[in-house]
Amino acid sequence: MTGSSQGRAFSRRALIGTGLGVGAAAVVGAGSGAAHASSRPYRPQASPERRAFAFTTAAMDAYPVNEGVRLAQSYTDQSGLFSTAFTYDNALAVLAALAVGTGEGRSRAVALGDALLYAQANDPAHDDGRLRQAYNVGPYTFYDGSLQPDGFVRADGTANVGTQFGFTGTAVGDMAWAGIALSALARDTGRRRFLNGAVRIGEWIERNGRTDEPLGGYKFGVDGANKPLPFTSTEHNTDLVCLFGRLARLTGDRVWRERRARAVAFLEKVWEPDGGFFYTGTNDGVTVNRSPIPEDTQTWTHLALDSRRHSRSLDWAAAHLAVRDTADRPNSTVPAGQSYDGVTFSSASLLANEDAPIADGQPKPDRNGVWFEGTAHLALSFRDRDGRGDATRARRLLDSVERAQDRLGGGQTLGGTPVRDGSGVVSASSPIDTGFGFGYYPYRHLGATAWYLLAATRTNPLRA
């Protein structure tokens, strides 16, 4: 999460609603999918977890691959992002595949981890350990008529960076999640190449993110022109608590403990003890940005810190960001007779202007739209905390996510191939304005599905 919406073009969340040409056709696709699910209910045979994992494998296999090297497409085609594979989503897919605990899950995780290593080693412009925000994994024709002909590996052997949408920057958060995924593979497989890749990521972050500004911590990263970005993110520093802690354990090098302590110190400075929540970060390294307040800075901090003193943040998120989406809500795309409970993206989402589109060419937001990615990691956090009433609250949230998997997002495709009904979780029940300059929409999403699998299997990806 950025300290300001000014950083949205370089955030792993800046996907749709940024005025990049994703138009009405994509919105119609979402609506027709919802109607499809309502008119012909899916009768699942496999468990929700098996169907979720099946979606992640379909996202990996949507395009022909270069000698087996591939990443997974992040969103279904109807999102208008074509074959975009976000680094963050693929890191989550690695962690979810390992959590599934099967031979196929492990082999899929290794394949995705090797693709991240390939991108790291074959960047078209840099050889310093960085990864970009996103990559293309299959051919498509862009909105202006230009052809993007390549898969993940271009003809010259370089990784196919997502230039059409400007996904060329490198964010500390994306890097940290990739490092967390690679460190999990190193621990699970014992293969040194994964640890080496994670260490390269950590060193890039240390060189490019460390700041001596008053609030300290690690800054946001760089844009596509390699220009440093001024923000410092609570979310990113939370990710680093895990990554640096993992590297300390796996390498035995105490320098990673010092770096982890620096990230923890930043989190303490953006903690609001009176309200029991974490702020989003800072725009300038001096002043804490107090609004909007996002959901993930409440859940991820719990998962990473394991701090009883800070675990009130889960109660804050459950109380202050709770939503219920029903068909009679303004701008809701939920089919008649259905309802979904969960949390929204941020405090600003609850105050969104429902009379104006989120961005040019996009639909109007629903203030009560459920953000299923966040709903899943809140459920996991309750399971992890395991306090009085937490199991019941977690089960209620997971039930909502599983209903969404069964009923929402029908009629969608990956690489032109229909997605099986009942597999994959949509990112949102209805269009959501995040308050950070972009939106979420009801398209099946690799990241939301991976977080559901982590919650369902009680796997905390942020524990060092």
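The structure contained in this document is the topic of the report that follows. Keep in mind that this is a model prediction, so the values were computed, not measured.

1. Some remarks on the sheet that holds strand β10 (residues 281–282)
No. 1: The strand order across the open sheet built from three strands is β7-β10-β11, with neighbouring strands paired in antiparallel fashion. At either margin of the open sheet sits one strand with a lone partner, and together these are β7 (232–233) and β11 (288–289).
No. 2: Pairing between β7 and β10: two bridges, direction antiparallel. Across the sheet, residue S233 finds its bridge partner in β10, namely G281.

2. Things to note about helix α10 (residues 312–320)
No. 1: For α10, the full list of buried residues reads S313, L314, W316 and A317. Projected down its long axis, α10 shows its buried positions confined to an angular sector of 160°, all on one face.
No. 2: Tucked into the core, α10 has its buried residues touching β8 (271–272), β9 (277–278), α9 (296–305), β12 (322–326), β13 (339–343) and α11 (372–385).

3. What about the pattern of salt bridges?
No. 1: For the structure shown, the criterion picks out 29 salt bridges.
No. 2: One salt bridge in this structure joins R132 and D123, with 2.8 Å as the shortest N-O distance. Pair check on accessibility: R132 and D123 agree, each one buried.
No. 3: Sharing partners across several salt bridges, the network here consists of E203, E206, R210, E258 and R259.

4. Thoughts on the nonpolar core
No. 1: Ranked by size, the top nonpolar core spans 111 residues in total, and within it W177, I205 and W451 carry the most contacts.
No. 2: The dominant element in this core, judged by the number of residues it contributes, is helix α5 (residues 172–189), at 11 residues.
No. 3: Other than its neighbours up to four places away in sequence, W451 contacts Y88, L92, W177, W300, L303, E373, A376, H377, L380 and P461.
No. 4: Membership of the second largest hydrophobic core comes to 19 residues, among which are F82, Y140, F165 and I432.

5. Remarks on the packing of aromatic side chains
No. 1: For the structure shown, the criterion picks out 29 aromatic pairs.
No. 2: A ring pair is formed by F82 and Y143, whose centres lie 5.1 Å apart and whose planes are at 50°; its orientation type is tilted. With F82 in the loop between α2 (48–60) and β1 (84–86) and Y143 in the loop between β3 (140–141) and β4 (147–148), this residue pair connects regions lying 61 residues apart in the sequence.
No. 3: Taken together, a centroid distance of 6.1 Å and an interplanar angle of 75° make the contact between F345 and F438 edge-to-face. In this pair, F345 sits in the loop between β13 and α11 while F438 sits in the loop between β17 (432–433) and β18 (439–440), placing the two residues 93 residues apart along the sequence.

6. Brief notes about the packing of helix α7 (residues 234–251) against helix α8 (residues 255–269)
A pair of packed helices can be characterised by two numbers: the angle between their axes and the separation between those axes.
No. 1: Following both chains from N to C, one finds α7 and α8 inclined at 160°, their axes separated by 8 Å at the closest point. Taken together, α7 and α8 sit at an angle that is classed as roughly antiparallel. The hand of the α7/α8 crossing is left-handed. Where α7 approaches α8, its residues T234, N237, T238, L240, V241, F244, G245, L247, A248 and T251 are matched on the opposing element by W256, R257, R259, R260, A263, V264, F266 and L267.
No. 2: Among the residues forming the contact of α7 with α8, the class breakdown is 10 nonpolar, five polar and three charged.

7. Comments concerning the side chain of T56
No. 1: Within the fold, T56 resides in helix α2.
No. 2: Sequence-distant contacts of T56, defined by excluding residues within four places in its chain, comprise L446, T449 and L453.

Parameters and conventions
Residues numbered from 1 in each chain as written. Predicted model: local features only at pLDDT ≥ 70, side-chain atom pairs only at ≥ 80, totals over all residues. Heavy atoms only, no water. Pairing = 2+ DSSP bridges. Helix = DSSP H or I, 4+ residues; strand = E, 2+ residues; numbered from the N terminus. Buried < 20%, exposed > 50% of the residue type's maximum accessible area, 1.4 Å probe, protein only. Arc of directions from axis to C-beta. Contact = heavy atoms within 4.5 Å. Salt bridge = Lys/Arg side-chain N within 4 Å of Asp/Glu carboxyl O. Core = buried A, V, L, I, M, F, W, Y, C linked by side-chain atoms within 4.5 Å. Phe/Tyr/Trp six-rings, centres within 6.5 Å; stacked < 30°, edge-to-face > 60°. Axes fitted to C-alpha atoms, helices over the stretch in contact; angles between N-to-C directions. Parallel < 35°, antiparallel > 145°, perpendicular 65-115°, else oblique. Left-handed = near helix turned anticlockwise from the far one by under 90°. Nonpolar A, V, L, I, M, F, W, Y, C, P; charged D, E, K, R; others polar.

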